[in-house]
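# Coordinate analysis (summary)
For reference, the chains in residue letters:
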Amino acid sequence: MTIILPENWKQVLEAEDEKEYFKQLIQTVTQSYQNSTVFPPKEFIFKALELCSLEDTRVVILGQDPYHGPLQAHGLAFSVPDGIAPPPSLKNIYKELASDLGKEIVTSGNLEHWATQGVLLLNATLTVEASKPGSHQKRGWETFTDTVIKTISDQKEHVVFLLWGNFARTKRILIDQSKHLLLEAPHPSPLSAYTGFFGSRPFSQTNTYLAEHNIPTVDW
């Protein structure tokens with residue numbers, strides 16, 4: 001199995017490709033796919049980057065791990081493929097979207113239409129073993145995705161970073177708040193959504209900020 005960085009990010013991240021941690025990470029992940037059930041399917045590991053280039057990125061939504069259940073993970077944080085029921089956190093995201101912008105709650109949990117508009121749906125860890133949440137943490141993925149976040153912060157201006165939950169909030173140190181907008185809130189999980197995620201209005205705030213800087217808004 002070959003795991004290759006997507007072409008639209010390869011030039012930006014080519015230095016990572018040569019680092020020892022990344023070579024070891026790819027070797028470890030490759031072995032995991034050979035020896036156990038790992039999500040997402042290997043062709044979707046970098047899907048978030050494939051659908052949203054650095055040039056196009058205007059919003060970043062950070063997740064932690066891919067879904068670890070069958071058929072759920074397809075390389076985009078919080079998203080599931082068409083035909084798969086939206087998980088609880090995504091249902092709450094839709095509830096807040098309906099409250100914030102009056103959007104009708106849809107049945108599809110596929111967020112590719114966000115990604116193709118410049119919303120980077122990035123998990124900190126890009127792979128996970130079936131039924132073992134967090135199983136591929138601390139193997140090198142976080143180093144790689146931290147580099148992605150910092151690259152966006154360094155090379156772009158006026159990007160909106162949506163940091164939901166304590167884990168995502170730890171990434172604020174990678175982001176230059178003098179030229180980007182950080183919107184922090186509790187995680188949309190049913191365990192925490194009622195402690196401040198509901199009512200945080202991230203979608204309208206994002207579009208207001210983008211419009212103020214003459215950047216096309218997102219059709220959520």
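Structure shown above.
What this report covers is the structure whose coordinates are included nearby. (Residues numbered from 1 in each chain as written. Predicted model: local features only at pLDDT ≥ 70, side-chain atom pairs only at ≥ 80, totals over all residues. Heavy atoms only, no water.)

### With respect to the nonpolar core
Filter applied, for reference: We call a set of buried residues a nonpolar core when its members are Ala, Val, Leu, Ile, Met, Phe, Trp, Tyr or Cys and they connect through side-chain atoms within 4.5 Å of each other. Each residue is placed in one exposure class: buried if its accessible area under a 1.4 Å probe, protein chains only, is under 20% of its type's maximum, exposed if it is over 50%, and partly exposed if it falls in between. Note on contacts: a residue pair is in contact if any heavy atoms of the two residues lie within 4.5 Å.
Formed by 64 residues in total, the largest nonpolar core has its most connected members in Phe46, Ile61, Trp114 and Phe144. Excluding residues that lie within four positions of it along the chain, Ile61 makes contacts with Ala77, Phe78, Trp114, Val119, Leu120, Leu121, Leu122, Leu162, Trp164 and Trp220.

### Here we look at the pattern of salt bridges
For the record, the criterion: Note on definitions: salt bridges are taken to be side-chain nitrogens of Lys or Arg within 4 Å of carboxyl oxygens of Asp or Glu. Helix and strand assignments come from DSSP, with helices taken as H or I runs of at least 4 residues and strands as E runs of at least 2, each series counted from the N terminus.
Under the defined criterion, the tally for this structure stands at ten salt bridges. Taking the shortest distance from any N to any O, the salt bridge between Lys19 and Glu16 comes out at 2.8 Å. On the basis of relative accessible area, Lys19 is assigned to the partly exposed category, the value being 38%. Close ionic contact of Lys171 with Asp146 constitutes a salt bridge, the shortest N to O distance being 2.7 Å. Linking Lys171 in the loop between α7 (166-169) and β6 (181-185) with Asp146 in helix α6 (residues 141-155), this pair joins segments that are 25 residues apart in sequence. Judged by its relative accessible area of 22%, Asp146 falls in the partly exposed class.

### Details of helix α2 (residues 20-35)
Formally: An expected span of 1.5 Å times one less than the residue number is assigned to each helix.
The end-to-end C-alpha distance of α2 is 23 Å, a good match for the 22 Å that 16 residues give at a rise of 1.5 Å each. Turning to α2, its buried residues number three or more, namely Phe22, Leu25, Ile26, Thr28, Val29, Thr30, Ser32 and Tyr33. Buried positions along α2 lie against α1 (7-17), β1 (38-39), β4 (128-129) and α6.

### Concerning the sheet that holds β6
Whenever strands of a sheet pair, they do so through backbone hydrogen bonds, lying parallel or antiparallel. Selection rule: The rule for pairing is simple: two strands pair if DSSP sees at least two bridges between them. Interaxial angles span 0 to 180 degrees and are taken between N-to-C directions of axes, which are lines fitted to C-alpha atoms, for helices over the stretch in contact.
Spatial ordering of the open sheet is given by β3-β2-β5-β6, a layout of four strands whose pairing is parallel. Looking along the sheet, the strands with just one partner apiece sit at the ends: β3 (119-123) and β6. Neighbour to neighbour, the strand axes of the sheet diverge by 20 degrees on average, direction disregarded. Looking at chain direction, strand β2 (residues 59-63) and β3 are connected through five bridges and run parallel. By the bridge assignment, Gly63 is partnered in β3 with Asn123. Across the face of the sheet, α6 comes into contact with β2, β3 and β5 (160-164) while running at roughly 155 degrees to β3. Lying on the sheet, helix α8 (residues 202-212) is in contact with β2, β5 and β6; it crosses β5 at an angle near 165 degrees.

### Some details on empty space enclosed by the protein
To keep it simple, the criterion reads: Space inside and on the surface of the protein is sampled on a 1 Å grid over the protein atoms alone, with a cavity defined as a set of points where a 1.4 Å probe fits but cannot get out and a pocket as an open set with protein on both sides within 12 Å along at least 5 of 7 lines; lining residues have an atom within 4 Å of a point. Grid points are joined across faces, edges and corners, and a volume is the space filled by probe spheres set on the points. Here the term charged refers only to Asp, Glu, Lys and Arg, the term nonpolar to Ala, Val, Leu, Ile, Met, Phe, Trp, Tyr, Cys and Pro, and the term polar to all other amino acids, Gly among them.
Under the counting rule described, the total for this entry stands at one cavity of 30 Å³ or more. Taken as a whole, the largest cavity encloses approximately 40 Å³ of empty space. Lining of the largest cavity is provided by Leu62, Gly63, Leu122, Asn123, Ala124, Thr145, Ile149, Phe167, Ala168 and Lys171. Looking at the lining of the largest cavity, the elements with two or more residues in it are β2, β3, α6 and α7. Here the residues of the lining of the largest cavity are counted per class, giving six nonpolar, three polar and one charged.

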